[in-house]
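# Reading the structure
Below, each chain spelled out in residue letters.
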Amino acid sequence: MKSTTSILAPNQSSLSNTQESPKRILLDKNELSEDVNSWLKLKVLDKLMDAEWNRYPENTLQAIESKVAEYAKLQASQVALGPGSASIIANLLNYFAIQQKHIVIVQPTYALFEVHCRNYQIPFTPWMLKNELEFDFEQTPQLDRNSVLFLTSPNNPVGNTIDLETLENLLQRFPETLIVLDNVYYEFSDTDFSPLLNQYSNLLIIRSFSKAFPVASVRLGYICGSENNLGWIKNLRLNYSLNSFSLAVASEILFDPTFQKESLCRVSDIIRQRELLTARIMAYFETNEIEVFRSQGNFILIKVNSELHQEIQNKLHKCHILVLDASKFPKLNDCIRISIGNSEECDAVMNVLLSVTDLKRKNTQAQNSSLLCASSLN
Ligand SMILES: Cc1ncc(COP(=O)(O)O)c(C=O)c1O
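What comes next concerns the included structure. As the structure is a computational prediction, the values presented were derived from the model and not from experiment.

### Observations concerning the nonpolar core
- Counting 91 residues, the largest nonpolar core has Leu167, Leu203, Phe209, Ile281 and Ile302 as the members making the most contacts within it.
- In this structure, Leu167 is in contact with Leu151, Ile162, Ile179, Leu181, Phe193, Leu196 and Leu203, ignoring residues within four places of it in sequence.

This is the structure in structure tokens:
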């Protein structure tokens, strides 16, 4: 039997756990680097302390949806809230599969689409991006009244976008096809597609509060569309699927003017950092070393020389910087997606890229000069 003292005395492994672990830089999930202020968290906690946890969540959904609609510049009847946009996407895929719709999904895109279809054995037709990683409008797939097209713009993990005119053109060319636009990085982009919803009943737009607002853990997303479409979409939503925590955050802080203003300021900052990092990568590296793709999300995608790929991954790992290795996506061999953090975090990434490529350049130079020496001796 263990003595009390041995139980109370810290052992070696728990001692080593108490040593401060190095701070990780989390740039792998397109989250925000800054957390919600403590005083705002307390406001939510107060609300939750007053709530009766033995009861189903209070019926505040409609009131919150009105605020979401106001934020999205739409009517309340055009918006439905869900527990994260991922869950909205999964519900739609299941629904369309049961309806035996012909599901077309742009690839590469947000991994959930493929993973969910694989898990639930939902057949879909991939619509591949061009080799330059842009949408391929010359190779539009067969779309008819039984089809549903899932399009992500800004597209994750690439960052490419569709413009308003092109989307409108697709909506007009295929009026009987439902086009579902995953638009969760909307706040980081320069296009608002929501005015199209008033004209085209074959369009649905999915958005999220996880990206532009520091509340990814709260799980809040929403879908926008015509009142008719919203009718059946709301019917698919399980009763009480939005829990009290999500609802409390939405009612207490999400639409607080100061919180909104600060969040949208942070978005502007991230856009600035994204453009700066893109410009620095373009300036410092040859495209055969590191190529960066233009992005309108809160992340960038880089394609690195295959000889550098592993070294960059190792160095990032050594510096405790987490990023997404996008190599497993189709067409994205040797690609890495980096979420845009604050300026220090972007500097840390840039330093890793510089140190690995500098070393490679020096090695190549040394190799070249020794080859030159050898050939002059011959
Ligand atoms: C394109 C895209 N859609 C949807 C989501 C899911 O977002 P959430 O479920 O947090 O709203 C993500 C998350 O990274 C994403 O990148």
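Moving on from the model shown.
### Some points on the packing of helix H5 (residues 85-98) against helix H8 (residues 227-236)
- Close contact between H5 and H8 brings their axes to 11 Å; oriented N to C, the two are set at 100 degrees. The angle between H5 and H8 falls in the class roughly perpendicular. Contacts from Asn91, Leu92, Tyr95 and Phe96 in H5 reach Trp232, Ile233 and Leu236 in H8.
- Its residues assigned to classes, the contact of H5 with H8 shows 6 nonpolar, 1 polar and no charged.

### Observations regarding the site of the ligand
- The full set close to the ligand counts 14 residues, and Asp182, Tyr185, Ser208, Ser210 and Arg219 are the nearest of them.
- Measuring from an oxygen atom of the ligand, one finds a side-chain N or O atom of Lys211 at 2.8 Å.
- The element best represented in the shell around the ligand is H5, accounting for 3 residues.
- Of the residues belonging to the shell around the ligand, the class tally is 5 nonpolar, 6 polar and 3 charged.

### A closer look at the sheet that holds strand S13 (residues 335-339)
- Here we have 4 strands laid out as an open sheet, ordered S9-S10-S13-S12, and antiparallel in their pairing. Among the strands making up the open sheet, the edge pair consists of strand S9 (290-293) and strand S12 (324-325).
- Two elements, S12 and S13, share 2 bridges in a ladder whose sense is antiparallel. Along S13, the bridge assignment pairs Asp325 with Ile336.
- Against the sheet, helix H10 (residues 257-284) makes contact with S9 and strand S10 (299-304), and its axis sits at roughly 15 degrees relative to S10, the strand it touches most.

### Details of the side chain of Ser208
- Within the fold, Ser208 resides in strand S7 (residues 203-208).
- Residue class for Ser208 comes out buried when judged on its relative accessible area of 2%.
- Polar side-chain contacts of Ser208 include one of 2.8 Å to the backbone nitrogen of Ser210.
- Ignoring anything within four residues of it in the chain, the contact list for Ser208 reads Ser85, Val184, Leu220, Gly221 and Tyr222.

### Quick notes on unusual backbone geometry
- Following Ser153, the chain continues to Pro154 via a peptide bond in cis, the omega torsion being -10 degrees.
- Secondary-structure assignment places Pro154 in the loop between strand S5 (147-152) and helix H7 (164-173).
- For the bond from Asn156 to Pro157, the omega torsion is 10 degrees, close enough to zero to count as cis.
- Position of Pro157 among the secondary structure elements: in the loop between S5 and H7.
- A positive phi is found at Lys73, a non-glycine position, where the angle reads about 60 degrees.
- When you line up the elements, Lys73 lands in the loop between helix H4 (61-71) and strand S2 (79-82).
- Of note, the phi angle at Leu133 is positive, near 65 degrees, even though the residue is not glycine.
- On the secondary structure map, Leu133 appears in the loop between strand S4 (125-128) and S5.

Conventions and cut-offs
- What you see as residue numbers is a count from 1 along each chain, following the sequence as written.
- Local features are withheld for residues below a pLDDT of 70 in this predicted model, meaning they are given only at 70 or higher, and side-chain atom pairs are given and counted only at 80 or more; totals for whole chains, interfaces and linings count all residues.
- Neither water nor hydrogens contribute to the side-chain values; these are computed over all heavy atoms in the structure.
- In this text, buried Ala, Val, Leu, Ile, Met, Phe, Trp, Tyr and Cys residues form a nonpolar core when linked through side-chain atoms within 4.5 Å.
- Partly exposed describes any residue whose relative accessible area lies between the buried limit of under 20% and the exposed limit of over 50%, with all areas from a 1.4 Å probe on protein chains only and scaled to the type maximum.
- Note on contacts: a residue pair is in contact if any heavy atoms of the two residues lie within 4.5 Å.
- Inter-axis angles, ranging from 0 to 180 degrees, are taken between N-to-C directions of lines fitted to C-alpha atoms, where helices are fitted over the stretch in contact.
- Helix numbers and strand numbers start at the N terminus; a helix is a DSSP run of H or I with at least 4 residues, a strand a run of E with at least 2.
- An angle below 35 degrees is read as roughly parallel, one above 145 as roughly antiparallel, one from 65 to 115 as roughly perpendicular, and any other as oblique.
- Gly counts as polar in this scheme, as do all residues outside two lists: the nonpolar Ala, Val, Leu, Ile, Met, Phe, Trp, Tyr, Cys and Pro, and the charged Asp, Glu, Lys and Arg.
- We define proximity as follows: a residue is near a molecule or strand when any one of its heavy atoms falls within 4 Å of that partner.
- Whenever two N or O atoms come within 3.5 Å, that pair is a polar contact, provided that in protein one can donate a hydrogen and the other can accept it, and provided that, for residues adjacent in sequence, both atoms are side-chain atoms.
- Strand pairing is assigned whenever DSSP identifies at least 2 bridges connecting the two strands.

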